[in-house]
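# Reading the structure
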Amino acid sequence: MARLLVLRSAPYHRSSLSAVATAITSSRSASFPRLARRHLPSPLRAVESSSGATKQEEAPLAAGEAQEPLPAAPAFVVEELGWGTQLAVKLKMLVAPPWKRVRKGSVLTMTLRGEISDQLKTRFSSGLSLPQICENFEKAAYDPRISGIYLHIEPLSCGWGKAEEIRRHIVDFKKSGKFVVGYMPVGGEKEYYLASACAELYAPPSAYVALYGLTIQQTFLRGVLEKVGVQPEIQRIGRYKSAGDQLGRKSMSNEVKEMLGALLDNIYGNWLDTVSSTHGKKKEEIEEFVNSGVYQVERLKKEGWITDLLYDDQVMTMLKERVGQNDKKSLRMVDYSKYSRVRKSTLGIGGGGDLIAVIRASGSITRTRSGLSISSSGIIAEQLIKKIRTVRESEKYKAVILRIDSPGGDALASDLMWREIRLLAESKPVIASMSDVAASGGYYMAMAAPVIVAEKLTLTGSIGVITGKFILQKLYERIDFNKEILSRGRYAELNAADQRPLRPDEAELFEKSAQNAYASFRDKAAMSRSMSIDQMETVAQGRVWSGQDAASRGLVDSLGGFSQALAIAKQRAKIPQDKKVRLVEISKASPTLPEILSGIGGSILGVDRVLKGVLQDVTSLNGVQARMDGILFERLENMPGENQLFLLVKEITNYFG
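No experiment lies behind these values; they were computed from the predicted model shown.

The rules behind each value
Residues numbered from 1 in each chain as written. Predicted model: local features only at pLDDT ≥ 70, side-chain atom pairs only at ≥ 80, totals over all residues. Heavy atoms only, no water. Helix = DSSP H or I, 4+ residues; strand = E, 2+ residues; numbered from the N terminus. Buried < 20%, exposed > 50% of the residue type's maximum accessible area, 1.4 Å probe, protein only. Contact = heavy atoms within 4.5 Å. Areas by Shrake-Rupley, 256 points an atom, 1.4 Å probe, with all protein chains shown as cover. Salt bridge = Lys/Arg side-chain N within 4 Å of Asp/Glu carboxyl O. Core = buried A, V, L, I, M, F, W, Y, C linked by side-chain atoms within 4.5 Å. Axes fitted to C-alpha atoms, helices over the stretch in contact; angles between N-to-C directions. Parallel < 35°, antiparallel > 145°, perpendicular 65-115°, else oblique. Nonpolar A, V, L, I, M, F, W, Y, C, P; charged D, E, K, R; others polar. Phe/Tyr/Trp six-rings, centres within 6.5 Å; stacked < 30°, edge-to-face > 60°. Lys NZ or Arg CZ within 6 Å of the ring centre and 35° of its normal. Pairing = 2+ DSSP bridges. Right-handed = clockwise from strand over helix to strand, strands pointing away. UniProt positions renumbered as here; feature names shortened; annotations may be inferred. Polar contact = N/O pair within 3.5 Å; in protein donor to acceptor, adjacent residues only side chain to side chain.

Counting its regular elements, the chain contains 22 helices and 26 strands. When burial is assessed residue by residue, the chain has 55% of its 657 residues classed as buried. When contacts within the chain are restricted to residue pairs at least 6 apart in sequence, long-range pairs at least 24 apart make up 77% of them. When the accessible surface of the chain is totalled, it reaches about 27,900 Å², and 52% of it is carbon and sulfur.

What follows concerns the pattern of salt bridges. Across all of its chains, the model carries 33 salt bridges by this definition. One salt bridge in this structure joins K162 and D436, with 2.7 Å as the shortest N-O distance. Taken together, the residues span a long stretch of sequence, with K162 in helix α3 (residues 160–173) and D436 in strand β19 (residues 430–439) at a distance of 274 residues. The buried category is assigned to K162, whose relative accessible area is 3%. It is possible to trace a salt-bridge network through shared partners that takes in D118, E164, E165, R168, R360, R403, E455 and E585.

Moving on, we come to the nonpolar core. Grouped together as the largest cluster of nonpolar side chains are 60 residues, with contacts concentrated most on F137, L151, I166, W271, L300, W305 and Y339. When neighbours within four sequence positions are excluded, L300 is seen to be in contact with V209, L211, F289, V294, W305 and I306. Grouped together as the second largest cluster of nonpolar side chains are 58 residues, A357, M417, A454 and F521 included.

Following both chains from N to C, one finds helix α2 (residues 130–142) and α3 inclined at 5°, their axes separated by 9 Å at the closest point. Between α2 and α3, the interaxial angle falls into the category roughly parallel. In this structure, α2 uses L130, I133, C134, F137, A140 and A141 to contact α3, whose residues at the interface are K162, E165, I166, H169, I170 and F173. Considering only residue class, the contact of α2 with α3 consists of 9 nonpolar, 1 polar and 2 charged.

Turning to the packing of aromatic side chains, a few remarks are in order. Evaluation of the coordinates by the stated rule reveals 8 aromatic pairs. When the centroid spacing of 4.4 Å and the interplanar angle of 20° are considered together, the rings of Y444 and F521 count as stacked. Pair noted here: Y444 is in helix α14 (residues 441–446) and F521 is in helix α16 (residues 504–528), with a separation of 77 residues, a long-range link. With a centroid separation of 4.6 Å and 55° between ring planes, the pair formed by Y476 and F481 is classed as tilted. For F481, a relative accessible area of 44% translates into the label partly exposed. Taken together, Y192, F289 and W305 form an aromatic cluster joined through their ring pairs. Positioned over the ring face of Y339 is K139, at 5.0 Å from the centre of the ring. Across from the ring centre of W545, 4.4 Å away, lies the NZ or CZ of R543, which sits over that ring.

This brings us to the sheet that holds strand β13 (residues 333–335). Spatially, 6 strands are ordered β12-β9-β7-β6-β3-β13 in an open sheet, and the strand pairing comes out parallel. This sheet does not close on itself; its edge strands, each paired only once, are β12 (308–309) and β13. Pairing between strand β6 (residues 146–156) and strand β7 (residues 179–183): 5 bridges, direction parallel. Counted as the bridge partner of L151 is G182 from β7. Taken strand by strand, α2 contacts β3 (106–114) and β6, and its axis lies near 160° from that of β3.

Extensive coverage of strand β17 (residues 397–406) is indicated by the burial of 9 of its 10 residues. Bridge count for strand β14 (residues 355–362) against β17 is 8 bridges, and the pairing is parallel. When the bridges of β17 are listed, L355 appears paired with Y397.

Further remarks concern the environment of D578. Relative to the assigned elements, D578 resides in the loop between α19 (562–572) and β25 (582–585). Look at D578 and you get exposed, because its relative accessible area is 71%. In the structure, D578 is positioned 11 residues away from A567 in sequence and 9.7 Å away in space, judged by C-alpha atoms.

To continue, consider the pairing of β6. Across the 11 residues of β6, 10 count as buried, placing the element largely inside the fold. Sheet analysis places β3 next to β6, joined by 8 bridges and oriented parallel. Across the sheet, the residue bridging to T109 is Y150, located in β6. Following the backbone out of β6, through α3 and into the adjacent parallel β7, one traces a crossover that is right-handed.

So, on to the environment of R367. Structurally, R367 is set in the loop between β15 (365–366) and β16 (379–380). Given the relative accessible area of 40%, R367 is considered partly exposed. A sequence separation of 44 residues divides R367 from A411, and the C-alpha atoms of the two residues are 9.0 Å apart. For R367, the residues in contact, after removing those within four places along its chain, are I380, A381, E382, L412, A413 and L416.

Quick look at the UniProt feature "active site" (unreviewed entry) in the chain now. UniProt tags K241 and S440 as "active site" (unreviewed entry). Maximum C-alpha separation among the annotated residues is 9.7 Å over a sequence range of 200 residues, consistent with a single clustered spot. In this view, K241 contacts R236, S440, S462, G464, V465, Q541, G542, R627 and M628; residues no more than four positions away in its chain are not counted. Within the secondary structure, S440 is located in the loop between β19 and α14. Residue classification places S440 among the buried positions, given a relative accessible area of 0%.

Turning next to the side chain of S528. Within the secondary structure, S528 is located in helix α16. On the accessibility criterion, S528 (0% relative accessible area) is buried. A polar contact is formed between the side chain of S528 and the side chain of W418, at a distance of 3.2 Å. Here the side chain of S528 touches K524 through a polar contact of 2.7 Å, landing on its backbone oxygen.

On to unusual backbone geometry, then. Most peptide bonds adopt trans geometry, and most residues besides glycine take a negative phi value. The phi dihedral of S440 is positive, around 55°, even though this residue is not glycine. If you check the backbone angles, Q541 has positive phi at about 60° while not being a glycine. On the secondary structure map, Q541 appears in the loop between α17 (533–539) and β23 (544–546). On the basis of relative accessible area, Q541 is assigned to the buried category, the value being 17%.

Structure, rendered in structure tokens:
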């Protein structure tokens, strides 16, 4: 499950977290007594931690400075537009350009499949975007031209946090009184979790729907490395920090088994709760049904898990009758891509006068951009810092929502962004909103905000660090390769010498440097969350928590999605909850030439997204990593055999540079 960035130059790799990043149905807000004592960052002072290291701490609260309890996101309601707004909407629709026109009586079709990004996509970017998916549901609820939604659900490689956000919008859309019909030809637990929110769910008679339960897999390469003469030197600080285990161990540690077991229990338990609530059955009944081995789609129909067995054309014929288009040759539809270009303002549901900035940070963290990376290749600290400073220096933004979907990365980059977010929070309210994952360096960023919001099964925490290098002595001997180094300075060869084991004094320094990085991370986390060092130590140690468990331990303040973060941002900015605001996407960028070429290549030449990912991943990083692990083969699910082989080769070559 591990991923290691070595001290010598090594290809950089993004973690895959879809195996365990999860959330469940309801978006219940949770506030905690400790939060009532929290406040916006005040000037910092240095104090000594229990470890002897210097840490920064907030000054104590002044009298009467306690914050009011956090609000819950208001329930979604489709409000009736005034006659003036309705007239303006009709005029805007009348003069809309052809690429934004939607015919009356259309059915919005969206196919949810594969990866779903937390970033906004440009016209030249391929793939699905979570904010655009959610916005399409909201727009369709108000759009008089849209009769309903036909939702194709196929194998997903996103985490459960995004799945929960989408499911919440499906449930909200049904309040409009319009239909939402699901169609699932292939799927498992995650896909059914989404599909079960639809008012009707259909599948072809030959559908592949397997509900067998959930697994988490971990693979180990230590034995393979030993056979080829490679010895990994790994320093991972934290009993639960499993980054590096894939290279340094041959089996799962007891601590990692405990951590992953708890996460799996959360995921599976919440899935059972959601499905049982949807079907009006007991949790035990749902579990018994799953344990019977469900693979016959006929059983799903018989037990009421799906509405009927129909092919896609039959469902569309049924929808034609429902919307009164029997005289039409085909169902009048508008797809995800075209409808994403329809503005909310066209439908009269645009924001008001107050501006709230949205800063999105997705992907692995690096400090600077490499020559091969493109703007969508992760979190580039130096670029994000510029955006944060722009927002901090502007007086037009009343609050900021920092949306994070990251497994971490470079520890130094994470710390630099932590500092800038702290400074931003001194000038205006900042709310951190977690998506699938905000762990390790991702949590480092989030903890700089006075309020943190997560989905119930967002992956978070992982407060720990890892660093390492390969010792290639035996490999060099086998291939008769020689390497000699001239150096000056006792530790000059610490990072350069891979042809010999570390000397005892080098190994001691290697460990101390990692311990120092961990102490800095832990102490700043304690200060940011108003905890003592000892309190933070009990929830740190590299352990990954679900959002719900993190909330009960003080690492997260409230449970919910983006709408919950928005409600808190309004409260902190003294904006009434019923007043509309305008969200300004700070991270939205114009398409670059590489993106345009990539988009053209993807659509015309059929360039595989995995090949594009290689260009983004081939970059070098050095130093200590605040990184959470991925599950090696999880992303390989539901992919063609050649892609699986390609990704496996990519994983291995990333380790050996």
